[in-house]
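# Structural overview for review
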Amino acid sequence: MRIIHPVANGTRTDHPTPGLPFVNDGRLPLDKPDAIEWTDRNQGDGLWGRTDRTRNGGWVAFTTEPKNPSFAWAVRHPPVHGRTVLLISSSSTIET
């Protein structure tokens, strides 16, 4: 199991993680999960994206940051609550 440790909140998050700075997430199409996935998927070596639907009717989407592929964006959007946008680092991911 992986534990993801975020390094920053996206500026358009509705639920910021306390203590983290905010970074510009303006390049992400936050209302279109499939578009988030395709932002960097197959766009170059080491770039990827993924979208999954959740059981409650929401979705999660992930994509690498092309300017620095050691970072990725994670977006969670449950149907009742607002979205969470986080920048994560591959070096901060821990296998458990």
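### As for the overall build of the protein chain
- The number of helices and strands found in the protein chain is one helix and eight strands.
- Helices (α) and strands (β) of the protein chain occur, in sequence order from the N terminus, as β-β-β-α-β-β-β-β-β.
- Relative to all contacts within the protein chain whose residues are 6 or more apart in sequence, the contacts with residues 24 or more apart total 40%.
- Element-wise, carbon and sulfur atoms account for 54% of the exposed surface of the protein chain, whose accessible area totals about 5,900 Å².

### Considerations on the pairing of strand β4 (residues 49-53)
- As defined by bridge partners, β4 adjoins strand β5 (residues 59-64) across five bridges and the pair is classed as antiparallel. The residue bridging T51 from the neighbouring strand is A61, located in β5.
- The hairpin turn running from β4 into β5, its antiparallel successor, is five residues long, and G57 in that turn takes a positive phi close to 90°.

### Quick look at the pairing of strand β2 (residues 6-10)
- Across three bridges, β2 lies against strand β7 (residues 84-89) in antiparallel orientation. Its bridge partner being in β7, N9 is matched across the sheet by L86.
- Pairing of β2 with strand β3 (residues 22-23), which is carried by two bridges, proceeds in the parallel orientation. Its bridge partner being in β3, G10 is matched across the sheet by V23.

### Describing the pattern of salt bridges
- Applying the stated criterion to the full structure yields five salt bridges.
- In this structure, D25 and R12 form a salt bridge, with 2.7 Å as the shortest nitrogen-oxygen distance. With D25 in the loop between β3 and α1 (33-40) and R12 in the loop between β2 and β3, the pair connects residues that are 13 residues apart, well separated along the chain.
- Among the salt bridges present, the one from R50 reaches D52, with a minimum N-O distance of 2.6 Å.
- Judged by relative accessible area, R50 falls into the partly exposed class, the value being 49%.
- A relative accessible area of 26% means that D52 is categorised as partly exposed.

### With respect to the environment of T17
- If you trace the backbone, T17 turns up in the loop between β2 and β3.
- T17 sits 67 residues away from T84 along the chain, and the two C-alpha atoms are 8.8 Å apart.
- Once residues within four sequence positions are removed from consideration, T17 is found in contact with N9 and L86.

### Thoughts on the sheet that holds β3
- One open sheet accounts for six strands, arranged β3-β2-β7-β6-β5-β4; its pairing is mixed. Edge positions in the open sheet fall to β3 and β4, since each of these has one partner strand only.

### Points about the nonpolar core
- Counting residues in each nonpolar core, the largest one holds 10 residues, listed as A8, L28, L30, I36, W59, A61, W73, V75, V85 and L87.
- If you list the elements that add at least two residues to this core, you get β5, β6 (71-77) and β7.
- Not counting the four nearest positions on each side in its chain, A61 is found in contact with P33, I36, R50, T51, W73, A74 and V75.

Thresholds, definitions, all that
- Residues numbered from 1 in each chain as written.
- Predicted model: local features only at pLDDT ≥ 70, side-chain atom pairs only at ≥ 80, totals over all residues.
- Heavy atoms only, no water.
- Helix = DSSP H or I, 4+ residues; strand = E, 2+ residues; numbered from the N terminus.
- Contact = heavy atoms within 4.5 Å.
- Areas by Shrake-Rupley, 256 points an atom, 1.4 Å probe, with all protein chains shown as cover.
- Pairing = 2+ DSSP bridges.
- Salt bridge = Lys/Arg side-chain N within 4 Å of Asp/Glu carboxyl O.
- Buried < 20%, exposed > 50% of the residue type's maximum accessible area, 1.4 Å probe, protein only.
- Core = buried A, V, L, I, M, F, W, Y, C linked by side-chain atoms within 4.5 Å.

None of the figures reported here should be taken as evidence of function without further support.
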